[in-house]
Every structure is written in C-alpha cells, then in structure tokens.
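# Residue-level structural notes
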Amino acid sequence: MTTQAKNLFDLSGKVAVITGGNRGIGLGLARGLAQAGASVSLWARDEVSNAQAAESLAEAGGQVQTLRCDVSSPEDVDQATAKTLERFGQIDAGFANAGFGDAADPLKLELKDFRRILATNLDGVFLCFKSWGKHMSEREGGGKLVAISSISAIFGTPMQPHYAASKGGVEALVRAYAARLARYDVQVNSVQPGWIVTDATAPAVENARFSETVVRRIPARRWGEPADLAGVAVYLASDASRYHTGDSLRIDGGYTIF
Ligand code: NDP
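Before going into details, it helps to say that this report is about the structure given with it. (Residues numbered from 1 in each chain as written. Predicted model: local features only at pLDDT ≥ 70, side-chain atom pairs only at ≥ 80, totals over all residues. Heavy atoms only, no water.)

A word on the site of the ligand. Around the ligand sit 28 residues, and of these Asn22, Arg45, Asn97, Tyr163 and Thr198 come closest. Ile25 is positioned with one of its backbone polar atoms (N or O) 2.9 Å from an oxygen atom of the ligand. Here Ile196 contributes a backbone N or O atom positioned 2.9 Å from an oxygen atom of the ligand. If you map the ligand onto the pockets, it falls in the largest pocket. Those elements that place two or more of their residues in the shell around the ligand are α2 (24-35) and α6 (161-181). (Near = heavy atom within 4 Å. Polar contact = N/O pair within 3.5 Å; in protein donor to acceptor, adjacent residues only side chain to side chain. 1 Å grid on protein atoms, 1.4 Å probe; cavity = no way out; pocket = protein on both sides within 12 Å on 5 of 7 lines; lining within 4 Å. Sits in = over half its atoms within 2 Å of the grid points. Helix = DSSP H or I, 4+ residues; strand = E, 2+ residues; numbered from the N terminus.)

Written out as structure tokens, the structure is:
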C-alpha cells in the first residue's frame, strides 16, 4: 500500500460512536474502526455486554469508552453525546446501528408492536443523527453519519412490515440529513447488510433448511460475518469518502443482484 493510500484510510486521532456496538454487526464495525486507529465509544443498554465488548477490543489498540444508552430515549442520546464529548472532545463519525426485528403478519400486527420497532430502529437513528449532526455542523472539520439499514428497505418483506418500514424510513432520513449537512462537510450514508451471522440471526442460521435456501441465493455462497462490514465502516469514517454522501452501500455477497 502506498503512503498516500494508507493515510487516506487512517483513522488515528478520530473518534467514532457505534450504537449497539457491544455485539454483532456493531462490534464488527467497532473492531474495524479501532484497528484503523480510531477511539471508539460503544452505546448500548446491557452494561455486562458493554464491558465484554470493551475487553475484546482492547487488543485492537486505541481508547474504548462504553455508555449505557437506550437510543429510543432523547435524554439517553443527548446524555451519551455529552459524555462522549466530555471524554474525547469530538465525535468524527457516528454509526447508528442499534436495531432489531421480529416476525409479524401485517394483517395481525398491533400498532403498539409496529411502534416498538420504529422507536429503536427509526427514532433511534433520528435522535442520534440530530445530536451528532448538530455537533459536527458547529465545528471545523465536519464529520460522518452512517446508518445501518437493511436490504429489507428494498425487498417486499411479507412477515416483517414494521422492520421494513423502519429501514425504509432510515434511508429517507439519510438522504434528508445528507442534503442538509453537505455544506458543513458532513457526509451521511447508509449501509445495507445482507444476511449476517449475529445473535439476531442465530435461529435462522441454525435452521438448516432455511439457511440452505438463503445461501443458494447468495453468489458468495456463504452468510456474511460482522467482520465483512469493517471495511465499509473504515471507508465511510475516513477522508476517502469526503465527496460521497446520500448513498446506500450494499454489503450482501451479491444477494440483491442475483
Ligand atoms: P444484534 O441483536 O446482534 O445486536 C443488536 C445491538 O443493538 C446490540 O448491541 C443491542 O445491545 C443494541 N440495541 C438494541 N436495541 C437497542 C436500544 N434500544 N438502544 C441501544 N442499543 C440497542 O443485531 P445485529 O448485529 O444483527 O444487527 C445490528 C443492526 O444491523 C440492526 O440495525 C439490524 O437491523 C441491522 N441488520 C442486521 C442484519 C443481519 O443479518 N444480522 C441484516 C441487515 C441489517 P443491548 O441489547 O445491550 O442494548
């Protein structure tokens, strides 16, 4: 690698926040960012998992902070932003990754269950983007906002209408914030992971029949791993993506083009 290329992706001295960073995709993003030199602040609700994640990142180098935060709470998000700024003085990249889904028949889904998913998956991204975006637009040097969306935002999902709607909303939020913040040198993008092995997908991975059907549809012929998202995280947090905004980057082993 040339010196120039190395510098382009070097995150030394940068600070990244990752919501839902204590396991799964969030931890994969955090590990990639830390290995590229960033200090990371992991926000999630379970403090035991937070501590385990911090320990597992120790060998990647850089500083690690963990904060208890429910991203559906405006107070929690604002407090976590304040505590991150207190510790590091800046947030250069914010990854709104916290989210979950469950199965539901659109003809039976209750409004309260629809809203429960949106509270974390959509309100959470909005609250984080607003809080981080304010900080980034008020300082020299801009920043990066990234939402972890899903290919459910594009596919018809017969048994996950609430999850799909939350991710469709995330894509619209990304474009709105991208257009609003570009003048402050803040780039805003989404990542759409395909089928990634995490606690959330473990039952599907363990269901041999289902898993075989999924893998047959993936040109790469395997499920993705959280580590497969590390490269795109580093790119989107780095100077390499300074003129790249309002986009959705699909990391799915080719699933959506097959
Ligand atoms: P996991 O269930 O493995 O991890 C979810 C993470 O989100 C945990 O760290 C959890 O921590 C945190 N979290 C959940 N709710 C909240 C909340 N209200 N406030 C703060 N943190 C919260 O899921 P994945 O890693 O699989 O998914 C991560 C993201 O990627 C989600 O947005 C998901 O929709 C998306 N995605 C996943 C795919 C996959 O195949 N796995 C595919 C496409 C998209 P804690 O419980 O401690 O709060």
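What follows continues from the structure just given.
Time to look at the packing of aromatic side chains. Counted under the stated rule, the structure contains 6 aromatic pairs. Where Phe129 meets Tyr177, the ring centres are 5.6 Å apart and the plane angle is 75°; that geometry is what we call edge-to-face. Residue Phe129 is located in helix α5 (residues 111-137), and its partner Tyr177 is located in helix α6; the two are separated by 48 residues in the primary sequence. With respect to burial, Phe129 and Tyr177 carry one shared label: buried. Within the aromatic cluster, the residues linked to one another by ring pairs are Phe155, Trp195, Phe210, Trp223 and Tyr255. (Phe/Tyr/Trp six-rings, centres within 6.5 Å; stacked < 30°, edge-to-face > 60°. Buried < 20%, exposed > 50% of the residue type's maximum accessible area, 1.4 Å probe, protein only.)

Using the criterion set out here, one finds 10 salt bridges in the structure. Residues Lys14 and Asp239 are paired through a salt bridge, measuring 3.7 Å at the closest nitrogen-oxygen approach. Here Asp239 lies in the loop between α9 (230-237) and β7 (248-251) and Lys14 lies in the loop between α1 (3-8) and β1 (15-19), a separation of 225 residues in the sequence. The exposure class assigned to Lys14 is partly exposed, which follows from its relative accessible area of 22%. Judged by its relative accessible area of 40%, Asp239 is partly exposed. The salt bridge partner of Arg68 is Asp76, with a shortest N-O separation of 2.8 Å. Of the residues examined, Asp76 reaches a relative accessible area of 16% and is grouped as buried. (Salt bridge = Lys/Arg side-chain N within 4 Å of Asp/Glu carboxyl O.)

Moving on, we get to empty space enclosed by the protein. Within the structure shown, the criterion is met by 1 cavity of 30 Å³ or more. Roughly 30 Å³ of volume is contained in the largest cavity. Together, Leu11, Lys14, Val15, Ala16, Ala38, Asp92, Ala93 and Ala237 line the largest cavity. When grouped by side-chain class, the residues that make up the lining of the largest cavity number 6 nonpolar, no polar and 2 charged. (Points joined across faces, edges and corners; volume = space filled by probe spheres on them. Nonpolar A, V, L, I, M, F, W, Y, C, P; charged D, E, K, R; others polar.)

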